[in-house]
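Close look at the chain arrangement
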Amino acid sequence: MNRIKPLAASIPLLLGTSMAATGLFHPAFASSQTVLGDEVPTKQTARQQSGPQQTQQVAAASVDEPLERIEVTGSRIRRLDIEGVAPVTVITAEDIEFSGFSSIEDLLQASIFNSGRTVQGNESSWTQGASTINMRGMGENRTLVLVNGQRIPQYPTATGGTTNFVDISTFPTSAIERIEVLSGGASAIYGSDAVGGVVNIILKSRFERNQFDVRHESPQQGGGDKTRMTLTSGFNSSLGQTIVVLQHRNDEILRSGDRNFTSQGGPDGTDGFSSTSAVIQDRSRFYHENSNVVATQEQCQDLFGSYGIWQDEQSTFKCRYDSTRDLHLQSGKKEWNLVVNHHGELGQSWTYNAMVQASDRETLRGNGQKSIGERIYMDQDNPGVYSYNRADFLNPTEFRLFRRLDDYGQRRDYTGLQQTLNTAFGLSGTLNDFDLDLTWAYGKSSFERIGRNQMLADKLLDVVSFDPADSANPAKWYPMDKMTPEQVQTLYAETLTDAGSGLNQFTAVLSGDLMDLPAGPLQFAWSAEWAKEWYFDHKDENTLSGNLLGQGGTQGRGERKRYATAAELAIPLLDDRGGIGKLDASVALRYDYYDDKSEIGGAVTPQAGFTYRPTENILVRLNGGKSFRAPDLHRVYALPTRSFSSTTRHVDPNHPVDEDDRYEQITSGSLGLSEERGRFYNLGIIAQLTENLSVDVDYWRISLRGAVRTGSVSRMLNEPDVFDVSDRYSNCNDVPGVGFIMQQQPGNDYRDILCVKNGAINSAYENSKGVDVKVRYSLSLGDLGDLRLGADVSQSLSKEYQAFADLDKVNALKDWYFPKYRTSAYVQYSKDKWSSYVRWSYIGSTEGVNTWTLTDDEGNSYRESVRSKVAPFSRVNWVTTYSVSRDLRLTLGIQNLFNAMPGTYAEGHPWRNSWPYYSMTSGHNAIGRTFYGEVRYRF
């Protein structure tokens, strides 16, 4: 019986992490070599993605000692072959260090597998500080994230208020041995979520001595400094080996005003300052001679200080406001993170392991100053009595108040407080002639958000006065005056979030050899799982009731239990003795049953694949199967909540073109959602062309039907024949599905949007396919050192989306600015104590279609769909290390060496001069050139 034990000989060899004097061997063809190395983990898998590996000492392995079997992500069967039916990439701890990136989330989001929208730590106040990976562009919630092969709880709140996901920034980099990335479906092995791929974070299990690391990075243009200090300690005792990692992280917030790129008014300098500063619209001129009452230059300076911009060239609204200066480009973060990983032996045939991770994180997200833009009605028969409802008075008059709330005397920053706890305990041993692994994992996470500078709607009606005569009345606030401290205290409020999530899971895996076949042993793995997951997301009463002006919120609570069983077989069909090559098959089948209030029920997911080795230097693999994903808990259990928005899309052609249409949006979950069902397949070839050169090529395709999406407001407004329910409903709370209601306000000769009812739906179809190419080359220069080169290229051949079966498919590569190419390449040179590394990351140009406002030859404006492109975005990171001694290492590096800035939209594009002037959620950033240094000391 082959047991998984820490061996310094066989495991690093199979990974192919060494560069022998004769060249680089691909791990798929490295069966004749063994290497020795430090800090060898208990279970190793697959091959590395890219980056540096220091030359390791080659040792001759005893021919009498068999190689250990190992477990590869994507299979529960332990085997000798590293390369299986599914493509798996390994990113080692050294890769992370030499990449130039300061965290695993930065590295993963720059990988070729990450496509489409991602949460990058600053996506929204719902998820501030969290990060995701979106493999193959299938959605950040369709990438399964594991730690040591086990699930961890989802982030407490949903991105965009709708979609649950796992935060990949939970674990500190110093605790990570490697990251295994499986691209493609794996639901037959792991169940739900493994649609676009699997990210398996493997923690260090062996470490000797103590190590202290300190790293500081500073952008050249200022703002956004980051400091990280880490203490790593490994020690042995009578109970086994224990590793403790304690990390403190301090990331300074980076604001839009810290960069010229995001504070100069857009690429053309035409993004004007906001006209929402201090404006009263007295529609019937009840108190004022003019219907528009604007702040004077003196009032503008007094109310807003340096944020108030006086533009004398403007015809009416001369007092403008710098609303983007405080907006975030990178959230501030302070975090303490502790990881304890322990393993030991229980007799001769059993081992155990225990892991605890705990973190305390405070994040700061920058927002523009709060603005209000409310319609307020006054009773003309009783002046000074106000209401938000016109119907409250027989003889009303309308006011419109636009105001920035600088009176509060502070920035509108949102603070997030997050605590996480993840634990796991496992037993591994033998049962008769088979291997048995038992694992219990428990985790929970909490998140509190404090949103500053809100205004109480009910209190405003008590305090506000549109009568300029009340300017001297301390009991009343005339909006052209600065609030008194007493008025601030009366009106000020904060929007609060109290959220949490958790997971309790037990897994049992029985594996081993069933029988001997002519071509080798028939291997199997059987697994059984039980899990319970839960979440809650609560908001304060003022937020939920709509008593905070212009502020909405989403909340919910729910749980589900999951029962699953799976079986997997590895079948040797041909050995290599017949001269026609070696052929192996792999089949897997899994059943998941969900016990909750939705209509998910059960899901059966099969998978099958083949590997064929016609020669010792070529491997061909084919893999395919089904995948599925249970709907997000928040999609199912979200309670009805309201928010406020505006659109430039006017359903009524008579609506004024230059006036946004403001509306209320009602969003809720749906118990009627069913699971998303996908298919995938992969065809690949791996070739060791020479001792120094290997090439991998993989063709992949992933499709999904019934994908859960929140209905798009813009799509609804573009299809009024389908979604306009004005003739059937007068209140969006009564709309059972999705749709919108129009209204015509008194005095208007056009209709505008009253409200939109939105929610989760099972959409019709989503499909991605493409080709990945990976090249690795090494060259020994003798006394001059060693050289290693690598390149990864991913080309998306197709990315389609279809919201409903009766609508046309959308080609995201041509219509939605989805990148067609993603590339990563590196060069590393090592000699003696020096090592220098250069990495190039590239996101190709994108293409999309938008509705533009154009002008004909006669000067008339019209709207038309126009196709345009966004330029590619690339970064070069440079890292150099010098080992002063065995205990001391120095590192200097530059991120974004050439100070590249994101690509901008084409001239005339409606988004070109709209902040932030680039796509913040597609891998681009405006941080610019960043210098960093790191010191590592072992003792």
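Please refer to the structure higher up on the page.
What counts, and where the lines are drawn
Residues numbered from 1 in each chain as written. Predicted model: local features only at pLDDT ≥ 70, side-chain atom pairs only at ≥ 80, totals over all residues. Heavy atoms only, no water. Pairing = 2+ DSSP bridges. Helix = DSSP H or I, 4+ residues; strand = E, 2+ residues; numbered from the N terminus. Contact = heavy atoms within 4.5 Å. Axes fitted to C-alpha atoms, helices over the stretch in contact; angles between N-to-C directions. Disulfide = S-S within 2.5 Å. Buried < 20%, exposed > 50% of the residue type's maximum accessible area, 1.4 Å probe, protein only. Patch = residues over 30% accessible without salt bridge, like charges linked within 9 Å, V, L, I, M, F, W, Y side chains within 5 Å. Areas by Shrake-Rupley, 256 points an atom, 1.4 Å probe, with all protein chains shown as cover. Salt bridge = Lys/Arg side-chain N within 4 Å of Asp/Glu carboxyl O. Core = buried A, V, L, I, M, F, W, Y, C linked by side-chain atoms within 4.5 Å. Lys, Arg positive; Asp, Glu negative; His and termini not counted. Charge placed at Lys NZ, Arg CZ, Asp CG, Glu CD.

**So, the sheet that holds strand E24 (residues 396-404)**
One open sheet holds the 5 strands; their spatial order is E16-E15-E24-E22-E23, and the pairing between them is antiparallel. The two strands at the open ends of the sheet, each matched to only one other strand, are strand E16 (292-294) and strand E23 (386-387). Where strand E22 (residues 371-379) meets E24, 9 bridges bridge the pair, whose relative direction is antiparallel. Its bridge partner being in E24, Ile372 is matched across the sheet by Arg403. Lying on the sheet, helix H5 (residues 297-304) is in contact with strand E15 (278-282), E16 and E24; it crosses E24 at an angle near 60 degrees.

**Structural notes on the state of the cysteines**
Within this structure, the stated rule accounts for 2 disulfides. Across the disulfide, Cys300 is cross-linked to Cys319 (sulfur-sulfur distance 2.2 Å). Negative torsions about the S-S bond denote left-handed disulfides, and the value of about 80 degrees found for Cys300 with Cys319 makes this one right-handed. Of this pair, Cys300 sits in helix H5 while Cys319 sits in strand E18 (residues 319-321), and the two are 19 residues apart along the sequence. Taken as a pair, Cys300 and Cys319 share a single burial class, namely buried. Between Cys732 and Cys755 runs a disulfide, and the two sulfur atoms are separated by 2.1 Å. Taking the torsion about the S-S bond as the criterion, the Cys732 to Cys755 disulfide, at about 95 degrees, is right-handed. Highlighted residues: Cys732 in the loop between helix H11 (720-723) and strand E39 (739-743) and Cys755 in strand E40 (residues 752-762), separated in sequence by 23 residues. An identical accessibility class is assigned to Cys732 and Cys755; each is buried. Look at the protein chain and number its bonded cysteines as they come in the sequence; the links are 1-2, 3-4.

**Some points on a nonpolar patch on the surface**
Nonpolar side chains collect at one region of the surface, where Phe212, Met229, Leu231, Leu246, Trp336, Leu338, Tyr937 and Phe939 lie side by side and expose about 720 Å² of accessible area between them. Of all elements in the fold, only strand E12 (226-237) and strand E20 (332-346) reach the threshold of two or more residues within the nonpolar patch. By secondary structure assignment, the location of Tyr937 is in strand E50 (residues 930-938).

**A look at the nonpolar core**
Ranked by internal contacts, the top residues of the largest apolar core, which has 32 residues, are Met455, Leu460 and Trp477. Taken together, the elements giving at least two residues each to this core come down to E15, H5, E18, E22, E24, helix H6 (457-463) and helix H7 (485-491). Ranked by residue count, the leading element in this core is H6, at 4 residues. Setting aside residues no more than four positions away along its own chain, Met455 makes contact with Ile372, Leu405, Tyr408, Leu460, Trp477, Met483, Leu491, Asn547, Leu548 and Leu549. Listed in part, the 31 residues of the second largest apolar core include Phe101, Ile112, Phe113 and Val145.

**With respect to a positive patch on the surface**
On the surface, Lys626, Arg679, Arg705 and Lys809 cluster together into a patch of positive charge. With respect to the element layout, Lys809 can be found in the loop between strand E42 (786-802) and strand E43 (810-811).

**Some points on the pattern of salt bridges**
One pass over the full model with this rule turns up 47 salt bridges. The residue Arg912 makes a salt bridge to Asp268 at a minimum N-O spacing of 2.7 Å. In this pair, Arg912 sits in the loop between strand E49 (888-895) and E50 while Asp268 sits in the loop between strand E14 (254-255) and E15, placing the two residues 644 residues apart along the sequence. When its relative accessible area of 10% is taken as the criterion, Arg912 is described as buried. Relative accessible area serves as the criterion here: at 36%, Asp268 is assigned to the partly exposed category. Taken together, the salt bridges that share partners define one network made up of Arg76, Glu529, Arg562, Arg590 and Asp592.

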